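Results of the structural survey
For reference, the chains in residue letters:
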Amino acid sequence: MVLGMVVPSLASVFAIRTRAEYTYDSYADDTIVRVGLLYGNNAVTAFLTKTPEGFDVYSVGDDDVAEKIYTLKFKALEAVVDCNLSLSNGDYIKADAQCDIGAYHVTVDADLTLDELYLAMNHAASNGIDAHLIASYDAAAGAYRLLIGSFADAAAAENYLNAIEGAFDVFETANDTYSYTMSVISPSESAVCLINPENNMTVFRYDGYGESELGLSAMDYEGETAYLQTPANKLYDGIFMFVRQNGGVALINFISLEDYIKGVLPYEISNSWPLETQKAFAICARSYAVNMLGRHKKDGFDLCNTVCCQTYNGVRRVNETVEQAVSETRGQVIVSESGEIITAYYSAVSGGTMISATDAWGGNESYLQPSVTPWEDYGSHSNGTWVWEVSPSELGKLLASKGLELSGAITDINIDKVSDSGEYVTKITFTDENGKKASVTNADNIRIKLAPNIKSANFKVAKGSLTVNDPCFDPDNDGKLFSYITSNGEGSILYTDFIPSATSKGFVKNWAGVNTAVITADGVVYPDCTYEIKAEDPSNYLFVGKGWGHGVGLSQVGACSLGKQGFDAEFILKAYFAGAEIAVYSESEEYPL
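Scope of this entry: the structure provided in the associated data block. (Residues numbered from 1 in each chain as written. Predicted model: local features only at pLDDT ≥ 70, side-chain atom pairs only at ≥ 80, totals over all residues. Heavy atoms only, no water.)

Structural notes on the sheet that holds strand β41 (residues 541–546)
With antiparallel pairing, three strands are arranged side by side in an open sheet as β28-β41-β32. The open sheet has two edge strands, β28 (385–390) and β32 (459–463), and neither has a second partner. Strand-to-strand twist of the sheet, defined as the mean angle between neighbouring strand axes without regard to direction, takes the value 15°. Pairing geometry for β28 and β41, over six bridges, is antiparallel. Counterpart to tryptophan 388 in the pairing with β41 is phenylalanine 543. The strands that helix α7 (residues 392–401) touches are β28, β32 and β41; relative to β28, the one it contacts most, it runs at about 105°. (Pairing = 2+ DSSP bridges. Helix = DSSP H or I, 4+ residues; strand = E, 2+ residues; numbered from the N terminus. Axes fitted to C-alpha atoms, helices over the stretch in contact; angles between N-to-C directions. Contact = heavy atoms within 4.5 Å.)

Right under this line is the structure:
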């Protein structure tokens, strides 16, 4: 028997609820998400993962059932393509017959149970077979196979087969005696192997024939949950699925929806932000994920781990507040006035103004409406305000590279239309030195055409200099923008603080800095927030803007600002999604488990 292998007497099933073609009414607390971590052109020949104790091995089917089939007590394993491999500077690379690890094996021609596999290993060792023994699982047969040795080609494997011929002519089990022949097995384009990197020996082979995949999870360590560690030192819960793709191995994280949200939350926002902000974002991210499940179905998974879907990097940043935020909102999603789970769009910071989906990309979602968000402390974000200076010729080159039919320096820029909120540019026309004109419509398309230099379509543009009326552009801004005098002396308030005021209509609250007025004997006085921004070269264009992202739906920074003001998660979400309500699966007849 190979050292490090533990063979349980019974297979077990990872408790997973089957998904029904991505329809929301089938989602429950145990909904499974498949997250692509490495795929397509990024598929690799070998992928190293570590755990503190060892690995449970799974067969993962398309029905979201993961069946435990084996246990390997190694602290590190390389999942590799089933082919000849060589070592190059510590990495496994594909090789020909001149290899370090061969992919041809002698196999006992028998479909074995797990207990029979264990007996077959002992039988081989006691009958003088000195080659390395490998456990294998054939998913199509639902059975185990014993592989003997690793050879560079079929001829070498045949030679060894001849040397041990008859070793399984008599094979005794607890119930009967069998006679098995042996043959040579060649590399498979659908198989994945596991290698012990300590000795570079194959310890397990799995072939799902494209119908199921090999999975690994971390065994518990000293009674505590353990995680899968990647070479980038990231930690992941759930199961790593290894899928043959593009000649390599793709990596997919098979994980429950709730654990997925834990891996999104602290990478999209800070894990130190207020609890109610984190709860609001957990509900937002869960709603978005539910609506986007299956987005990458053609790639073999539901969601990717980038901003294309949601940033997901595992559990390394998960702390008690993240755990609490996800736990206290378990199963909760945002629903529209019509009762549908919304696609809860969000961006980093919107510059004090939300834009509708219609103005952003031509959408028609009724819950994504424009609004002023004066509570957002966008000046605190590194991209809350920004300035881009660009020469006419460089701007022309950028726009041409983005597909606009322009062929020279830009001589004129005209903002033709702005959003209903009055801030975001929704149509802009560029004219080059040859008189050619090119227009771009929809705010998010404009952002993409000018990216990465502009951060959002919430901008103004001029040549040489530009005047803005915004305290966040104050070069001397230290965060305390407005002062006041009381009987106790002078104080100051943040731009986003509430200002309590007594009026003839009673006690009211206003937001500092947003049309905040003081009535004096001389009339109404507004704070002076006008600043001039000058280009280093007067012939250059200045794009002066606020916010980072598309500006639709929830602003992460704005949600933080509201959380700091003491508002709860429901209030925060309703501030950004028109007509929004929170639905709980387990308590709603409309969304049964």
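Description of the nonpolar core
Ranked by internal contacts, the top residues of the largest apolar core, which has 150 residues, are Ile148, Phe168, Phe204, Phe543 and Phe577. With 10 residues, the top contributor of residues to this core is helix α4 (residues 275–292). Other than its neighbours up to four places away in sequence, phenylalanine 577 contacts Cys284, Ile334, Ile342, Ala344, Tyr345, Tyr367, Leu368, Gly553 and Leu554. Val468, Tyr531, Ala535 and Val544 belong to the second largest nonpolar core, which has seven residues in total. (Core = buried A, V, L, I, M, F, W, Y, C linked by side-chain atoms within 4.5 Å. Buried < 20%, exposed > 50% of the residue type's maximum accessible area, 1.4 Å probe, protein only.)

Thoughts on the sheet that holds strand β30 (residues 425–432)
Read from one edge of the open sheet, three strands run β29-β30-β31, paired in antiparallel fashion. The sheet is open, and its two borders are formed by β29 (410–418) and β31 (437–441), each paired with just one other strand. Here the average twist between neighbouring strands, direction ignored, is 15°. Taken together, the five bridges between β30 and β31 define a ladder with antiparallel strand orientation. Its bridge partner lying in β31, threonine 431 is registered against lysine 437. Relative to the sheet, α7 contacts β29 and β30, its axis offset from that of β29 by approximately 60°.

Section: the side chain of histidine 132
Topologically, histidine 132 is positioned in the loop between α1 (114–126) and β11 (133–138). Within the structure, histidine 132 has its side chain in polar contact with the backbone oxygen of threonine 202 (distance 2.4 Å). (Polar contact = N/O pair within 3.5 Å; in protein donor to acceptor, adjacent residues only side chain to side chain.)

Here we look at the packing of aromatic side chains
Per the stated rule, a full pass over the model turns up 22 aromatic pairs. Ring centres of phenylalanine 47 and phenylalanine 242 lie 6.4 Å apart, and the angle between their planes is 45°; this geometry places the pair in the tilted category. You can see phenylalanine 47 sitting in strand β4 (residues 46–50) and its partner phenylalanine 242 sitting in strand β21 (residues 239–245), a full 195 residues away along the chain. Phenylalanine 242 carries the same exposure label as phenylalanine 47, and that label is buried. Feature note: the residues Phe47, Tyr236, Phe240, Phe242, Tyr260 and Tyr312 constitute an aromatic cluster, connected by ring pairs. (Phe/Tyr/Trp six-rings, centres within 6.5 Å; stacked < 30°, edge-to-face > 60°.)

Points about helix α9 (residues 556–564)
Of all nine residues making up α9, eight are buried, and the element is well covered by its neighbours. Every buried residue belonging to α9 is among Gln556, Val557, Gly558, Ala559, Cys560, Ser561, Leu562 and Gly563, and all of these are buried. Backbone geometry just after α9 places glycine 566 at a positive phi near 95°.

Digging into unusual backbone geometry
Between alanine 451 and proline 452 the backbone carries a cis peptide bond, its omega angle lying at 5°. Positive phi outside glycine occurs at asparagine 200, with the angle close to 60°. Mapped onto the secondary structure, asparagine 200 falls in the loop between β16 (191–196) and β17 (201–207). Among the residues examined, asparagine 200 registers a relative accessible area of 27% and is labelled partly exposed. Even without a glycine there, the phi angle at tyrosine 209 is positive, about 55°. Relative to the helices and strands, tyrosine 209 resides in the loop between β17 and β18 (212–218). Residue classification places tyrosine 209 among the partly exposed positions, given a relative accessible area of 42%.

Examining the pattern of salt bridges
According to the stated counting rule, one finds 17 salt bridges in the structure shown. The closest approach of N and O atoms between arginine 34 and aspartate 64, which form a salt bridge, is 3.0 Å. Linking arginine 34 in strand β3 (residues 32–38) with aspartate 64 in the loop between β5 (55–61) and β6 (66–72), this pair joins segments that are 30 residues apart in sequence. Like arginine 34, the residue aspartate 64 is buried in the burial classification. In this structure, lysine 279 and glutamate 276 form a salt bridge, with 3.2 Å as the shortest nitrogen-oxygen distance. (Salt bridge = Lys/Arg side-chain N within 4 Å of Asp/Glu carboxyl O.)

Some remarks on the packing of α4 against helix α10 (residues 569–576)
Two elements in contact, α4 and α10, have axes whose closest approach is 8 Å; the angle formed by their N-to-C orientations is 55°. By the criterion of interaxial angle, the relationship of α4 to α10 is oblique. In this structure, α4 crosses over α10, and the sense of that crossing is right-handed. Residue-level contacts link Glu276, Thr277, Lys279, Ala280, Ile283 and Cys284 of α4 to Ala569, Ile572 and Leu573 of α10. Split by residue class, the contact of α4 with α10 holds six nonpolar, one polar and two charged. (Parallel < 35°, antiparallel > 145°, perpendicular 65-115°, else oblique. Left-handed = near helix turned anticlockwise from the far one by under 90°. Nonpolar A, V, L, I, M, F, W, Y, C, P; charged D, E, K, R; others polar.)

Observations regarding the environment of isoleucine 415
Looking at where isoleucine 415 falls in the secondary structure, it is placed in strand β29. Beyond its immediate stretch of four places on either side in the chain, isoleucine 415 contacts Val425, Lys427, Ile428, Phe459 and Val461.

Description of α7
Spacing of three or four residues puts side chains on the same side of an α-helix, whose turn is 3.6 residues. Of all the residues in α7, the buried ones are Pro392, Leu395, Gly396, Leu398 and Leu399. Viewed along the axis of α7, the buried residues span an arc of 165°, placing them on a single side of the element. Every exposed residue of α7 that faces more than 90 degrees away from the buried side is listed here: Lys397 and Ser401. Those residues of α7 that are buried are in contact with β28, β29, β30, α8 (443–450), β32 and β41. Among the residues trailing α7, glycine 403 stands out with phi positive, at a value near 100°. (Arc of directions from axis to C-beta.)

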